[in-house]
Amino acid sequence: MPLQLSDKVRALGDQAQRELVDEFSRIDTIAQENTQRVLAAFQDHRVADSYFAGTTGYGYDDLGRDKLDEIYADLFGTEAALVRIQFVNGTHAIASALFGALKSGDVLVSAVGAPYDTLLGVIGTAEKGHGSLKDYGVEYRQVELVDDAPDLEGIARMAADPKVKAVLIQRSKGYSTRASLSVAEIGEMCAIIKRANPNAAILVDNCYGEFVETLEPTHVGADLVVGSLIKNPGGGLAPTGGYIAGRRDLVEGAAQRLTVPGIGGECGCTLGQNRLLYQGLFLAPHTVSQAVKTAVFGAKVMELLGYETEPHSSAVRHDIIQMIHMREPEALKKFCKGIQFGAPVDSYVTPEPWDMPGYDSQVIMAAGAFIQGASIELSADAPMRPPYTVYLQGGLTFESGRLGILLAVQELLGSDQPVPRE
Ligand SMILES: *Cc1c(COP(=O)(O)O)cnc(C)c1O
């Protein structure tokens, strides 16, 4: 059966898109500039077919892998980079960077409130005895947000302690309610931190932010950026992995943690995956633009229906995440159900709220991805608690992202229900 959209939903989609001409044009301009940067880096490094050959076993002298490190370093404006399929996820890459940068007796500061949930285990604020930073004698402190915004004075004060050796800045909001940080805001924070403590390394959790702007945090003062390859920079093609780019000593420190001290980035075979990492990076500026358009379109459609969104459809974007406050549980479930119906994979399943470990309320997730858990592919997830906010992200193509959102809206509105307005 072909996908059917009602006339009402179709008209709503057309209206939303007509009203997004300026936003889409801005997104296209960014994608154009980033594509040029990526293409130039490929050419500067004389990317050739032979880079895609790949290695097995120890993975010594993997030309494609080592060149890709250099290309990432160029793109992020850094001395060095480490791009590896051996990183199991973004958390692993961030943890390697933290363990590489910190020793017993050092202090780690999180600059913008609590970090992403999965990092709590790494830091050691949750369960003890798993070899967390805390177990190894690294102390953790956190600068709380003030009115959901970074507390710049508080950051300067907390960073000033000479025992502080690393400051972590999370670019994307994650599951918090604060706004995601712009690269310019991160630059401002870096200047403040450097003034307070020139010896503290500034590490940015760059997840969901890559290629959304034309600059990255390392262009404006951050010492290191870290992210996941099944999000933005993998372009939807990378099958797994993570990257780290930054100051050479910090990248090398992280490499010693990814593998073992003394070996670092010298080992790590690529198992024939190099082409997907290159091709994914080549596509990434475009793929990210498709995801940003999907987010903006989702916001606009839901605003037309009277829902509150964050960011607003007209706002300049700093990551690919879209929040929509669904106000009540049934609406949230229907929205997620519709997103699932629009997926190319697993479209026949119905997402249900479940008790996810580590969360205090049930969580509902809609995702039908080619790569398990890849949130550069259209996905929606939400904790089942007021204001029943759904976090929408991804969309490999705007066309499919648009369809997914319209199917979600159709599910939400039902057949003959009146359009809910505030
Ligand atoms: C996705 C993400 C991570 C890492 O999550 P993984 O599931 O381990 O890849 C870390 N921080 C933020 C803000 C994220 O969005």
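Computed from a predicted structure; not experimentally measured. Along each chain, residue indices are assigned from 1 in the same order as the chain's sequence is written. Only residues with pLDDT of 70 or above have their local features reported here, since the model is predicted, and side-chain atom pairs are shown and tallied only from 80 upward, although totals for entire chains, interfaces and linings are computed over all residues. Side-chain metrics in this entry use all non-hydrogen atoms of the structure; hydrogen atoms and water are not considered.

Details of the site of the ligand
Here is step 1: In the vicinity of the ligand, the residues found are Asn-89, Gly-90, Thr-91, Ile-94, Tyr-116, Gln-170, Asp-205, Cys-207, Tyr-208 and Lys-231.
Here is step 2: One of the side-chain nitrogen or oxygen atoms of Asn-89 is found 3.5 Å away from an oxygen atom of the ligand.
Here is step 3: Within 3.5 Å is the distance limit for a polar contact, defined as a pair of N or O atoms, with the added protein rule that one can donate a hydrogen and the other accept it, and that residues adjacent in sequence qualify only through two side-chain atoms. Within the side chain of Asp-205, one N or O atom sits 2.6 Å away from a nitrogen atom of the ligand.
Here is step 4: Computed with a 1.4 Å probe, the accessible areas rest on the Shrake-Rupley method; for each residue, only the protein chains presented here act as cover. Compared with its free state, where it exposes 380 Å², the ligand has 89% of that area covered by protein. If even one non-hydrogen atom of a residue comes within 4 Å of a molecule or strand, that residue is called near it.

Thoughts on the confidence of the model for the protein chain
Here is step 1: A residue's pLDDT is the predictor's confidence in that residue, given on a scale from 0 to 100. Per-residue confidence for the protein chain gives a mean pLDDT of 95, with 97% of residues at or over 70.
Here is step 2: Should any heavy atoms of two residues lie within 4.5 Å, those residues are counted as being in contact. Within the model, the stretch residues 418-422 combines pLDDT values under 50 with 11 contacts to residues more than four positions away or in other chains.

A few points about empty space enclosed by the protein
Here is step 1: For cavity detection a 1 Å grid was placed over the protein atoms alone, and a set of points counts as a cavity when a 1.4 Å probe fits there but cannot get out; an open set counts as a pocket when protein lies on both sides within 12 Å along at least five of seven lines, with lining residues being those that have an atom within 4 Å of a point. Grid points are joined across faces, edges and corners, and a volume is the space filled by probe spheres set on the points. Counted under the stated rule, the structure contains four cavities of 30 Å³ or more.
Here is step 2: Around the largest cavity, the lining is made up of 15 residues, and of these Ile-27, Ile-30, Val-212, Val-292 and Arg-317 lie nearest the centre.
Here is step 3: Taken together, the elements giving at least two residues each to the lining of the largest cavity come down to α2 (21-44) and α9 (274-304).
Here is step 4: Gly is placed with the polar residues, together with every amino acid not listed as nonpolar (Ala, Val, Leu, Ile, Met, Phe, Trp, Tyr, Cys and Pro) or charged (Asp, Glu, Lys and Arg). Broken down by class, the residue content of the lining of the largest cavity amounts to 11 nonpolar, one polar and three charged. Each helix corresponds to a stretch of at least 4 residues labelled H or I by DSSP, and each strand to a stretch of at least 2 residues labelled E; elements are numbered beginning at the N terminus.

Digging into the packing of aromatic side chains
Here is step 1: Each aromatic pair joins two rings of Phe, Tyr and Trp (for Trp, the six-membered one) with centres within 6.5 Å, and gets the label stacked for planes under 30 degrees apart, edge-to-face for over 60, and tilted for any other angle. In this structure the tally under the stated criterion is 13 aromatic pairs.
Here is step 2: With a centroid separation of 5.8 Å and an interplanar angle of 85 degrees, the aromatic rings of Phe-42 and Tyr-278 are classed as edge-to-face. Note that Phe-42 is positioned in helix α2 and Tyr-278 in helix α9, a separation of 236 residues in sequence. In terms of burial, Phe-42 and Tyr-278 fall into one category: buried.
Here is step 3: Linked through ring pairs, Phe-42, Tyr-51, Phe-52, Tyr-278 and Phe-282 together constitute an aromatic cluster.
Here is step 4: The cationic tip of Lys-231 hangs over the ring face of Tyr-116; the distance from NZ or CZ to the ring centre is 5.6 Å. Accessible area is worked out with a 1.4 Å probe on protein chains only. A residue is then buried under 20% of its type maximum, exposed over 50%, and partly exposed in between. For a lysine, the NZ atom is tested; for an arginine, the CZ atom; a charge sits over a ring if that atom is within 6 Å of the ring centre and within 35 degrees of the ring normal.

Some thoughts on the sheet that holds strand β10 (residues 363-367)
Here is step 1: Strand pairing follows a simple DSSP-based rule, namely that at least 2 bridges must link the two strands. Taken in spatial order, the five strands of this open sheet run β8-β9-β12-β11-β10, and their pairing is antiparallel. At either end of the open sheet lies a strand with only one pairing partner, and these are β8 (308-310) and β10. With strand direction ignored, the average angle separating the axes of adjacent strands in the sheet is 20 degrees.
Here is step 2: Across the sheet, α9 lies against β8 and β9 (322-325), angled at about 15 degrees from β9, the strand it touches most. Each axis is a line fitted through C-alpha atoms, taken for helices only over the stretch in contact, and angles between the N-to-C directions span 0 to 180 degrees.

A word on the domain arrangement of the protein chain
Here is step 1: Domain delimitation in this document rests on an assignment produced automatically or drawn from a domain database. Assigned domains within the protein chain: domain 1 (7-34 + 286-413) and domain 2 (51-280).
Here is step 2: For domain 1 and domain 2, the distance between their C-alpha centres works out to 27 Å.
Here is step 3: Each partner contributes residues to the interface: domain 1 has 25 residues there, and domain 2 has 26 residues.
Here is step 4: A combined buried area of about 2,200 Å² lies between domain 1 and domain 2, and 59% of that area is made up of carbon and sulfur atoms.
Here is step 5: Considering only the surface of domain 1 that becomes buried against domain 2, Asn-34, His-318 and Ile-371 emerge as the three largest contributors, covering 26% of it.
Here is step 6: Salt bridges are identified by distance alone: a Lys or Arg side-chain nitrogen within 4 Å of an Asp or Glu carboxyl oxygen. At the junction of domain 1 and domain 2, the tally comes to zero salt bridges.
Here is step 7: Linking domain 1 with domain 2 are 10 residue pairs in polar contact (both at pLDDT 80 or more), by the criterion used here.
Here is step 8: Looking at the side of domain 1 that touches domain 2, the elements with two or more residues in it are α2, α9 and β12 (389-393).
Here is step 9: Here the side of domain 1 that touches domain 2 is composed, by residue class, of 13 nonpolar, seven polar and five charged. Two parts placed together each lose some accessible area under a 1.4 Å probe, and adding up what both lose gives the buried area.

Notes on the packing of helix α10 (residues 329-341) against helix α11 (residues 398-413)
Here is step 1: Look at α10 against α11: their axes get within 7 Å of each other, and the N-to-C directions meet at 140 degrees. Judged by the angle between their axes, α10 and α11 are oblique. The way α10 lies across α11 gives a crossing that is right-handed. Along the contact surface, α10 presents Ala-331, Lys-334, Phe-335, Lys-337, Gly-338, Ile-339 and Phe-341, while α11 presents Gly-404, Ile-405, Leu-407, Ala-408, Glu-411 and Leu-412.
Here is step 2: Broken down by class, the residue content of the contact of α10 with α11 amounts to eight nonpolar, two polar and three charged. We call two directions roughly parallel when the angle between them is under 35 degrees, roughly antiparallel when it is over 145, roughly perpendicular when it lies between 65 and 115, and oblique otherwise. Left-handed describes a crossing in which the near helix is turned anticlockwise from the far one by less than a right angle; the clockwise case is right-handed.

Looking at the layout of surface pockets
Here is step 1: Of the voids in this model, the largest pocket is the one considered here, and its volume is about 1,000 Å³.
Here is step 2: For the largest pocket, the lining is made up of 40 residues, of which Tyr-116, Tyr-175, Lys-231, Gly-373 and Ser-375 are closest to its centre.
Here is step 3: In terms of residue class, the lining of the largest pocket is built from 18 nonpolar, 17 polar and five charged.
Here is step 4: Counting only domains with at least three residues in the lining of the largest pocket, you end up with domain 1 (7-34 + 286-413) and domain 2 (51-280).

Remarks on a negative patch on the surface
Here is step 1: Residues forming no salt bridge and having over 30% relative accessible area are the ones grouped into patches, like charges within 9 Å of each other and nonpolar side chains (Val, Leu, Ile, Met, Phe, Trp, Tyr) within 5 Å. Positive charges are assigned to Lys and Arg, negative charges to Asp and Glu, while His and the chain termini are left out of the count. Here the site of a charge means atom NZ of a Lys, CZ of an Arg, CG of an Asp or CD of a Glu. A surface patch of like charges, here negative, comprises Asp-147, Asp-148, Glu-308 and Glu-310.
Here is step 2: Relative to the assigned elements, Asp-148 resides in the loop between β3 (139-142) and α6 (152-159).

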